[in-house]
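# Coordinates in review
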Amino acid sequence: MNMKFFLDTADVEEIRRAVALGMCDGVTTNPSLIMKAGKDHKTVIQEISKVVDGPVSVEGIAETAEDMIKEAEEFSTWGPNVVIKIPMTKEGMKAVRALSQKGVKTNVTLVFSASQALLAAKAGATYVSPFVGRLDDISETGTDLISDIMDIYGNYDFSTEVIVASIRHPVHILESARAGAHIATVPAAVLEKLWHHPLTDNGIKTFKEHHEKHKNTMQ
Ligand code: E4P
């Protein structure tokens, strides 16, 4: 199994750049990210789904299972790779079960406990999204939840994949990788931070200087 990176954004240019670097296996969006993108919901999802081959999670605001299923039917027409984000509620899990029976992929969102993750897997979710940053915000250790979920899922044959969400910094990604999470959904600014180390920059600079010096002495 490979750890996959999704981009947690609705900014098409950010997605294009990550795709070009081979670091975007999918995309997650939510109503806040769509608002930030400042474009019509359908238009932006259609654009994203053309840029990325992998799954694109789309989130609505319906509260009943019936309305969630209606929303899912509409969102599914926006792109072949659309995944329906469903909130972790009883109505949500009813919708997940029904959608999964129809072969529609789901991503259970707003998950903050291992028991919720267990319910999502039992409902047949394709993905489950525990939010690590928002747990840190209330003085818990968000990534402990990822280890718990991976341990629990490892005891069974659930096919549900864990998307670590609400990532705020590189250590969230490393801790998720240590726990064996299937996917991290990462804001572009955090993805950028993964690349850099001052010793790499200094090393490149020094090797270049020494190459030039050597070339000049050889002339
Ligand atoms: C992704 O699925 C989530 O919607 C997102 O990671 C939430 O991140 P936030 O807690 O930074 O809003």
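Residues numbered from 1 in each chain as written. Predicted model: local features only at pLDDT ≥ 70, side-chain atom pairs only at ≥ 80, totals over all residues. Heavy atoms only, no water.

### A short note on unusual backbone geometry
Notably, leucine 110 is not glycine yet its phi reads approximately 60°, a positive angle. Summarising the element assignment, leucine 110 is placed in strand E5 (residues 106-111). A relative accessible area of 32% means that leucine 110 is categorised as partly exposed. Positive phi, close to 60°, is recorded for serine 166, a residue that is not glycine. Within the secondary structure, serine 166 is located in the loop between strand E7 (161-164) and helix H9 (170-179). (Helix = DSSP H or I, 4+ residues; strand = E, 2+ residues; numbered from the N terminus. Buried < 20%, exposed > 50% of the residue type's maximum accessible area, 1.4 Å probe, protein only.)

### A closer look at the sheet that holds strand E4 (residues 82-87)
One closed barrel accounts for eight strands, arranged E1-E2-E3-E4-E5-E6-E7-E8; its pairing is parallel. Averaged over all pairs of adjacent strands, the angle between their axes in this sheet comes to 30°, without regard to strand direction. Bridging between strand E3 (residues 56-59) and E4 involves four bridges; their strand directions are parallel. Across the sheet, residue serine 57 finds its bridge partner in E4, namely valine 83. (Pairing = 2+ DSSP bridges. Axes fitted to C-alpha atoms, helices over the stretch in contact; angles between N-to-C directions.)

### So, the packing of aromatic side chains
Taken as a whole and assessed by the stated rule, the structure comprises five aromatic pairs. Both rings, one in phenylalanine 75 and one in tryptophan 78, keep their centres 4.8 Å apart while their planes meet at 50°; by these two values the pair is tilted. Here a set of aromatic residues connected by ring pairs shows up, and it is made of Tyr153, Tyr156 and Phe158. (Phe/Tyr/Trp six-rings, centres within 6.5 Å; stacked < 30°, edge-to-face > 60°.)

### What about the nonpolar core?
Soluble globular proteins tend to bury their nonpolar side chains together. Within the largest apolar cluster, 59 residues are counted, with the highest numbers of intra-cluster contacts made by Ile15, Ile48, Ile86, Met93, Val108, Val128 and Ile167. With sequence-adjacent residues up to four places away left out, valine 128 is seen in contact with Asn107, Val108, Val111, Ala117, Ala120, Tyr153, Thr160, Glu161, Val162 and Ile163. Core analysis: the next-biggest nonpolar cluster, separate from the first, contains five residues, Phe6, Val83, Ile163 and Ile183 among them. (Core = buried A, V, L, I, M, F, W, Y, C linked by side-chain atoms within 4.5 Å. Contact = heavy atoms within 4.5 Å.)

### Thoughts on the environment of valine 111
Of note, valine 111 is situated in strand E5. With relative accessibility at 0%, the residue valine 111 sits in the buried group. Distance in space between the C-alpha atoms of valine 111 and isoleucine 173 is 17 Å, their sequence separation being 62 residues. Setting aside anything within four residues of it in sequence, one finds valine 111 in contact with Met88, Gln116, Ala117, Val128, Ser129, Pro130, Phe131 and Leu145.

### Remarks on the site of the ligand
Close contacts around the ligand come from Asp8, Thr28, Asn30, Lys85, Phe131, Arg134, Ala165, Ser166 and Arg168, and that covers them all. Between aspartate 8 and the ligand, the recorded distance is 2.6 Å, taken from a side-chain N or O atom to an oxygen atom. In this structure, an oxygen atom belonging to the ligand sits 2.7 Å away from a side-chain N or O atom of asparagine 30. When isolated, the ligand has an accessible area of 340 Å², and the protein chains bury 85% of it. When atom positions are compared with the pocket grids, the ligand is found to occupy the largest pocket. Looking at the shell around the ligand residue by residue, the classes come out as two nonpolar, three polar and four charged. (Near = heavy atom within 4 Å. Polar contact = N/O pair within 3.5 Å; in protein donor to acceptor, adjacent residues only side chain to side chain. Areas by Shrake-Rupley, 256 points an atom, 1.4 Å probe, with all protein chains shown as cover. 1 Å grid on protein atoms, 1.4 Å probe; cavity = no way out; pocket = protein on both sides within 12 Å on 5 of 7 lines; lining within 4 Å. Sits in = over half its atoms within 2 Å of the grid points. Nonpolar A, V, L, I, M, F, W, Y, C, P; charged D, E, K, R; others polar.)

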